[in-house]
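Fold and geometry: a report
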Amino acid sequence: MNPQQETFVHLQVGEDGVAVVRIDRPEAKNALNSIVRQQLAENFCALAGDDRVRAIVLTGGEHCFVAGADIREFAQASPIEMYLRHTEVLWEAIGRCPKPVIAAVNGFALGGGCELAMHCDIIIAGESSRFGQPEVKLGLMPGAGGTQRLVRAVGKFQAMRIALTGCLIKAPEALAIGMLSEMVSDDRTLPRAMELAAEIAALPPLAVAQIKEVMLAGADLPLESALVLERKAFQLLFDSQDQKEGAAAFFEKRKAIFRGE
């Protein structure tokens, strides 16, 4: 990271194995400019290789998750300029992170903000939050997974309505159509995400990693191929010490201690 750059993304790693990544650009409602994207990617790459970290919470703060991409950066851009930015590489650092990622969303998650939330594995949203893909109102379309991840999450008919109209979706509706994992009161968003992350962090890391990997990879495979992938991962886990510890703790009626081995 350039030491002269302002820091818009803050990282905190707790003793419970939970890391919190917080976007902090309030004057722009946490809009994703190139610096924010780069800092997010750097943090997620570092967390992917940090053995202390077993779960990650991504948040934008109490009042706004991410209101969208920074329009000033691309309003007059040419197609080649957009291509050469290769922002897909920065997004992949989040989407391909092997650790479970929980989005804690308050306020607006629009455009790139909605896409950012959908890069996560679990979305916890405050009851006042709003989601949407309003790119069509700028003569554009979602360009960071907002068509593909959305249709996989909520199905064709809801995804078409959201992307084609650019409408805002209130949290209760987002929960009802499958965009969210949970909806809580606004003051409980981050605490609930932290509770869930701590619960996951206390579980065997190898099993958690295999569940995430197989579930994401298998979603785009034919069922029979996905079942083979699942079965092989299931069998592989029998070589882990955590599996033996989990079984022993079950029979001995004690709490298991998982070491990721």
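Bear in mind that the values here come from a model prediction, so they are computed numbers and not experimental data. (Residues numbered from 1 in each chain as written. Predicted model: local features only at pLDDT ≥ 70, side-chain atom pairs only at ≥ 80, totals over all residues. Heavy atoms only, no water.)

**With respect to a nonpolar patch on the surface**
- Where nonpolar side chains cluster on the molecular surface, the patch consists of I71, L138 and L140 and spans about 270 Å² of accessible area.
- Summarising the element assignment, L140 is placed in the loop between strand 7 (130-132) and helix 5 (148-154). (Patch = residues over 30% accessible without salt bridge, like charges linked within 9 Å, V, L, I, M, F, W, Y side chains within 5 Å. Areas by Shrake-Rupley, 256 points an atom, 1.4 Å probe, with all protein chains shown as cover. Salt bridge = Lys/Arg side-chain N within 4 Å of Asp/Glu carboxyl O. Helix = DSSP H or I, 4+ residues; strand = E, 2+ residues; numbered from the N terminus.)

**With respect to the packing of helix 1 (residues 34-48) against helix 3 (residues 87-95)**
- Put simply, helix 1 and helix 3 touch, their axes get as near as 8 Å, and they point 40° apart. Classified by the interaxial angle, the pair formed by helix 1 and helix 3 is oblique. The handedness of the crossing between helix 1 and helix 3 is left-handed. Two secondary-structure elements touch here, helix 1 through R37, Q38, L40, A41, F44 and C45 and helix 3 through T87, L90, W91, A93 and I94. (Axes fitted to C-alpha atoms, helices over the stretch in contact; angles between N-to-C directions. Parallel < 35°, antiparallel > 145°, perpendicular 65-115°, else oblique. Left-handed = near helix turned anticlockwise from the far one by under 90°. Contact = heavy atoms within 4.5 Å.)

**Some remarks on the side chain of T59**
- With respect to the helices, strands and loops of the structure, T59 is situated in strand 3 (residues 55-59).
- In contact with T59, other than residues within four places in its own chain, are V20, V21, R22, I23, F65, A104 and L190.

**What to know about the pairing of strand 3**
- Where burial is concerned, most of strand 3 is hidden: five out of the five residues are buried.
- Side chains A55, V57 and T59 project from strand 3 onto one buried face, and the interleaved I56 and L58 project onto a second face that is buried too.
- Both strand 2 (residues 18-23) and strand 3 contribute to a ladder of five bridges, which runs parallel. Across the sheet, residue V21 finds its bridge partner in strand 3, namely L58.
- The parallel pair strand 2 and strand 3, bridged by helix 1, forms a crossover whose chirality is right-handed. (Buried < 20%, exposed > 50% of the residue type's maximum accessible area, 1.4 Å probe, protein only. Pairing = 2+ DSSP bridges. Right-handed = clockwise from strand over helix to strand, strands pointing away.)

**Thoughts on unusual backbone geometry**
- With a phi close to 55°, K29 is a non-glycine residue in the positive phi region.
- As for its placement among the helices and strands, K29 is situated in the loop between strand 2 and helix 1.
- With a phi angle near 45°, H86 is a residue other than glycine that sits in the positive phi range.
- Summarising the element assignment, H86 is placed in the loop between helix 2 (79-85) and helix 3.

**Regarding the packing of aromatic side chains**
- Applying the stated criterion across every chain, the model contains two aromatic pairs.
- Lying over the aromatic face of F8, R25 brings its terminal NZ or CZ to 5.6 Å of the ring centre. (Phe/Tyr/Trp six-rings, centres within 6.5 Å; stacked < 30°, edge-to-face > 60°. Lys NZ or Arg CZ within 6 Å of the ring centre and 35° of its normal.)

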